[in-house]
Amino acid sequence: MKRQRIGLALVLLMVMMAAGACAKENVLGAMGTVEEGLHPSETQEESGLLRGEPDIPTMDSPYALREQQAVFERGQSLPVYSGPGEDDAQAAEGSASVSTNDWIQVFGRYEGRILIQYGMGTRYRIGWIDAQALAEPECVEMLNLLNDTAQITDLDCPMTDDPLGSKETVVMLPPRTCVDVWSYLGEDWAYVRARLDGRVYWGFIPSIYLTWG
């Protein structure tokens, strides 16, 4: 009888050890699943996909760009222009457009056009749309523009239409290029107009490339 009890105890001990091993394996398996579950988000970050509207940097200047509230009629696809003038062409070699079903940040109005920022999957773009695309364009305040002249320093200067995202260079401005400075985006970026090889370029350059006088 005593031997039977000992044998039964050994059997129970073996069953408990086996169950513990299975439980440990299940826990490790679950941990592995959780870790694997992190990989898709890491992959998205590495792919450079954007996650909504960027924060607009602040600057204590009357000429700094600030976000305004505006209402768009949904279901529109609006051409985006490189500049505010009627002669300024559609950006991205004539292919830039924005959907009013997505987020659009509005900075202000100037001569019938609105300065905006929108997202395109892996980058942003700041450009201009026709003011009539808004339900009430007169509710968007006019931009307070510096409209002063400066020069690029003695270094080649990159210009971009995506200062808060990819910072992809649209054109490289040669040293000592004259630019019209219109406004600022935070402390680090100046919004300028430049003429180069018979073309007019609008975009953002690092403020450290500017020299005055």
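Here goes a summary of the coordinates provided.

Reading guide: rules and limits
- Numbering of residues starts from 1 in each chain and follows the order in which that chain's sequence is written.
- Reporting in this predicted model follows two pLDDT cut-offs: at least 70 for local features of residues, and 80 or more for side-chain atom pairs to be given and counted; totals over whole chains, interfaces and linings ignore these cut-offs and use all residues.
- Water and hydrogen atoms were dropped before computing side-chain values, which therefore reflect all heavy atoms in the structure.
- Helix and strand labels come from DSSP, where a helix needs a run of H or I of at least four residues and a strand needs a run of E of at least two; each type is numbered from the N terminus.
- Contact definition: two residues touch when any of their heavy atoms are within 4.5 Å.
- Each residue is placed in one exposure class: buried if its accessible area under a 1.4 Å probe, protein chains only, is under 20% of its type's maximum, exposed if it is over 50%, and partly exposed if it falls in between.
- Buriedness for pockets is judged along seven lines, at least five of which must meet protein on both sides within 12 Å for an open set on the 1 Å grid over protein atoms alone, while cavities are sets there where a 1.4 Å probe fits but cannot get out, and lining residues have an atom within 4 Å of a point.
- Grid points are joined across faces, edges and corners, and a volume is the space filled by probe spheres set on the points.
- Classification used: nonpolar for Ala, Val, Leu, Ile, Met, Phe, Trp, Tyr, Cys and Pro, charged for Asp, Glu, Lys and Arg, polar for all others including Gly.

1. A word on the environment of Ala89
Part 1 of the reasoning: One can find Ala89 in the loop between strand E1 (77–79) and helix H2 (91–94).
Part 2 of the reasoning: Once the C-alpha coordinates of Ala89 and Pro79 are considered, the two residues, 10 residues apart in sequence, prove to be 9.8 Å apart.
Part 3 of the reasoning: Those residues in contact with Ala89 that sit more than four places away from it in its chain are Tyr81 and Ser82.

2. Overview of the environment of Ala64
Part 1 of the reasoning: Within the fold, Ala64 resides in the loop between helix H1 (2–47) and E1.
Part 2 of the reasoning: The exposure class of Ala64 is buried, given its relative accessible area of 11%.
Part 3 of the reasoning: If we skip the residues at most four places from it in the chain, Ala64 touches Met59 and Tyr184.

3. What to know about the layout of surface pockets
Part 1 of the reasoning: Empty space within the largest pocket amounts to approximately 570 Å³.
Part 2 of the reasoning: Taken together, the elements giving at least two residues each to the lining of the largest pocket come down to H2, strand E5 (124–130), strand E8 (169–173) and strand E11 (199–206).
Part 3 of the reasoning: Looking at the lining of the largest pocket, the element that brings in the most residues is E11, giving six residues.
Part 4 of the reasoning: Of the residues contributing to the lining of the largest pocket, the split by class is 11 nonpolar, six polar and eight charged.

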